[in-house]
Amino acid sequence: MTLERVNPGELAPPTGFSHAVAVTGSRLVFLAGQTALDGTGRITGDDLPAQFRQALGNLLTALRASGGTPAGLTRVTVYTTDVGAYRAHARELGRIWRELAGRDYPAMALIGVVRLWDEEALVELDGIAVLD
């Protein structure tokens, strides 16, 4: 598998994402949306960073169980009920990302939503990864 992160000089420099990811590989994994649910099905974390950590951890657990690694993530969509809080915590969320997933950023989008399936959920992440 090869991944090429494409960040054209004509676009604003990306911070915490790549503008495009070109992939050559043999297997795609589509990762379902993950919130801050723990193993018992309860939302954990009282604030956005805590819930982001759990949701990202859940996404990476599903990825690893499929045979992948964070470096193989090509696309992640983040859904949040509070875009303002996400922006306010952006540095901390970036630190959490780097701690759990490293510095290979996928193409990403942030989408504000009215609510998520579980009312207590503040954030949900889904993604696509390429495996060797």
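One structure accompanies this document, and this report is about it.

Reading the values: rules and limits
- Residues numbered from 1 in each chain as written.
- Predicted model: local features only at pLDDT ≥ 70, side-chain atom pairs only at ≥ 80, totals over all residues.
- Heavy atoms only, no water.
- Helix = DSSP H or I, 4+ residues; strand = E, 2+ residues; numbered from the N terminus.
- Expected span 1.5 Å × (residues − 1).
- Buried < 20%, exposed > 50% of the residue type's maximum accessible area, 1.4 Å probe, protein only.
- Arc of directions from axis to C-beta.
- Contact = heavy atoms within 4.5 Å.
- 1 Å grid on protein atoms, 1.4 Å probe; cavity = no way out; pocket = protein on both sides within 12 Å on 5 of 7 lines; lining within 4 Å.
- Points joined across faces, edges and corners; volume = space filled by probe spheres on them.

### Thoughts on helix α3 (residues 90-101)
- If you check α3, its first and last C-alpha atoms are 16 Å apart, about what 12 residues at 1.5 Å a residue would give, namely 16 Å.
- If you check which residues of α3 are buried, you get Leu-93, Gly-94, Ile-96, Trp-97 and Ala-101. Taken around the axis of α3, the buried residues stretch over an arc of 160°, which confines them to a single face. Turned more than 90 degrees from where α3 packs its buried face, Arg-91 and Glu-99 sit exposed.
- Here the buried face of α3 lies against α1 (48-65), β4 (73-80), α2 (83-88) and β5 (107-112).
- Phi for Gly-102, located one or two positions after α3, is positive at around 90°.

### Digging into the layout of surface pockets
- Its boundaries defined by the atoms lining it, the largest pocket holds a volume of some 540 Å³.
- Lining of the largest pocket is provided by 18 residues; of these, Thr-15, Gly-16, Phe-17, Tyr-86 and Ala-90 occupy positions nearest its centre.
- Where the lining of the largest pocket is concerned, the elements lending two or more residues are α2, α3 and β5.
- Counting residues per element, the lining of the largest pocket draws most heavily on α3, which supplies 7 residues.

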